[in-house]
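Take a look at the letters that make up each chain.
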Amino acid sequence: MGQDISKALVYQIKREIAERYFGLRKVIEEDRQALETMISEFSLLYSKTVGRDMLRIYALLRAPELIDDFLRVIGWKRRPFFDQQVIDSTGDREQLFKGMSLHGWTDYSKFVHLLLDSYERLYRDLYKSRERLEEILDEIQVVKEEVRQFKGKFSLDEIMNFIRTLDRRDELVSVLGEDQPLGKMEDMSARLALPSLDEIERSVPEVPELPPLDRIKADIKGLARRVARVYIKECLEALM
């Protein structure tokens, strides 16, 4: 009878540990999964908006040296979202300029306004992206704090050591309720440990800042003057 009571108490203790540990762990895992979904959706939207805006400007400037000069003006490195095939394709350019309107008296003025309007759209979409990015970064810190508090409250190694003291070596039962040889405890501890958020943080797209149009308007007009007229006509034809 005493042995049965002892076993019942051991089982109850382990059950309470499991319910508390895995209950909170599940909450963190669900928050982590929600965070991954947020980042995935943000990455897709960022590519569809800012990526499209960048391609539109690339298609207007066309020449590699002009594109690189534009990137220097806005302070960006490399050529984010650059796709030469899209830039060279008449059909793709028509899709890029869909929804854009022309205004101005001459082809040149129409082109300048189109380039300025394209930059304004890029600036607006990037600003919205940065707002969303701040929400994601805040959520990352929330989950990090959850993990920190969880680890402070529960030490998996201490739990495993405690359970070792409750069971015989040949009948060791894990927190999960499965028969586990003593030599497998370290493996199980590694499997149950909460994964780091480092990989999730690395998956967040970099969203650089942009100078407002008023600050670089003269530079953009200067780039427009350097664009060959053949490029201007090709770009305008895509809207006509």
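In this report, we go over the structure that sits alongside the text. A quick note: this is a predicted structure, and the numbers were derived from the prediction, not measured.

### Structural notes on the overall build of the protein
Next up, step 1: A count of helices and strands for the protein gives 10 helices and 0 strands.
Next up, step 2: Along the protein, helices and strands appear, N-terminal first, in the series α-α-α-α-α-α-α-α-α-α.
Next up, step 3: Within the span of the protein, comprising 240 residues, buried residues form 38% of the whole.
Next up, step 4: A separation threshold of at least 6 residues defines the contact pool for the protein, and within that pool the share at least 24 residues apart is 78%.
Next up, step 5: As displayed, the protein has an accessible area near 14,500 Å², and 50% of this comes from carbon and sulfur atoms.

### What about the nonpolar core?
Next up, step 1: Within the largest apolar cluster, 52 residues are counted, with the highest numbers of intra-cluster contacts made by Leu61, Phe70 and Tyr119.
Next up, step 2: Of all the elements in the fold, those that place two or more residues in this core are helix H1 (2-61), helix H2 (64-74), helix H3 (84-88), helix H5 (107-153) and helix H9 (213-226).
Next up, step 3: Aside from chain neighbours lying at most four places away, what touches Phe70 is Met54, Ile57, Leu61, Tyr119 and Leu223.

### A closer look at unusual backbone geometry
Next up, step 1: With a phi close to 65°, Arg62 is a non-glycine residue in the positive phi region.
Next up, step 2: In this fold, Arg62 is placed in the loop between H1 and H2.

### Focus on the packing of H2 against H9
For any two helices packed against each other, one specifies the crossing angle of their axes together with the interaxial distance.
Next up, step 1: It is the contact of H2 with H9, at a shortest axis distance of 11 Å, that shows an interaxial angle of 175°. In terms of orientation, H2 lies roughly antiparallel with respect to H9. Across from Leu66, Asp69, Phe70, Val73 and Ile74 in H2, the residues of H9 making contact are Ile216, Asp219, Leu223 and Arg226.

### Details of the pattern of salt bridges
Next up, step 1: Enumeration according to the criterion identifies 8 salt bridges in this entry.
Next up, step 2: Close ionic contact of Asp69 with Arg72 constitutes a salt bridge, the shortest N to O distance being 2.0 Å. Taken as a pair, Asp69 and Arg72 lie in helix H2 at a separation of 3 residues, close to a single helical turn.
Next up, step 3: When the shortest N-O distance is used, the salt bridge between Arg226 and Asp69 registers 2.8 Å. Of this pair, Arg226 sits in helix H9 while Asp69 sits in helix H2, and the two are 157 residues apart along the sequence.
Next up, step 4: With relative accessibility at 47%, the residue Arg226 sits in the partly exposed group.
Next up, step 5: Overlapping salt bridges, with partners in common, bring together Asp69, Arg72 and Arg226 in one network.

### What to know about the packing of aromatic side chains
Next up, step 1: According to the stated counting rule, one finds 4 aromatic pairs in the structure shown.
Next up, step 2: The interplanar angle of 85° and the centroid separation of 6.2 Å between the aromatic rings of Phe70 and Tyr119 together place this pair among those described as edge-to-face. Taken as a pair, Phe70 in helix H2 and Tyr119 in helix H5 lie far apart in primary sequence, 49 residues in all.
Next up, step 3: Assessed through its relative accessible area of 0%, Tyr119 is described here as buried.
Next up, step 4: For Arg79, the ring lying beneath its charged end belongs to Phe82, and the centroid distance is 5.0 Å.

### So, the environment of Ser43
Next up, step 1: If you trace the backbone, Ser43 turns up in helix H1.
Next up, step 2: Given a relative accessible area of 24%, Ser43 falls into the partly exposed group.
Next up, step 3: In this structure, the C-alpha to C-alpha distance between Ser43 and Ser129, residues 86 residues apart in sequence, is 9.6 Å.
Next up, step 4: With sequence-adjacent residues up to four places away left out, Ser43 is seen in contact with Ser203 and Pro205.

### With respect to the side chain of Asp69
Next up, step 1: Under the relative-accessibility criterion, Asp69 is labelled buried at 18%.
Next up, step 2: Here the side chain of Asp69 touches Arg226 through a polar contact of 2.8 Å, side chain to side chain.
Next up, step 3: The residues touching Asp69, leaving out its near neighbours within four places in the chain, are Leu223 and Arg226.

How each quantity is defined
Residues numbered from 1 in each chain as written. Predicted model: local features only at pLDDT ≥ 70, side-chain atom pairs only at ≥ 80, totals over all residues. Heavy atoms only, no water. Helix = DSSP H or I, 4+ residues; strand = E, 2+ residues; numbered from the N terminus. Buried < 20%, exposed > 50% of the residue type's maximum accessible area, 1.4 Å probe, protein only. Contact = heavy atoms within 4.5 Å. Areas by Shrake-Rupley, 256 points an atom, 1.4 Å probe, with all protein chains shown as cover. Core = buried A, V, L, I, M, F, W, Y, C linked by side-chain atoms within 4.5 Å. Axes fitted to C-alpha atoms, helices over the stretch in contact; angles between N-to-C directions. Parallel < 35°, antiparallel > 145°, perpendicular 65-115°, else oblique. Salt bridge = Lys/Arg side-chain N within 4 Å of Asp/Glu carboxyl O. Phe/Tyr/Trp six-rings, centres within 6.5 Å; stacked < 30°, edge-to-face > 60°. Lys NZ or Arg CZ within 6 Å of the ring centre and 35° of its normal. Polar contact = N/O pair within 3.5 Å; in protein donor to acceptor, adjacent residues only side chain to side chain.

These results come straight from atomic positions and should not be treated as a statement about function.
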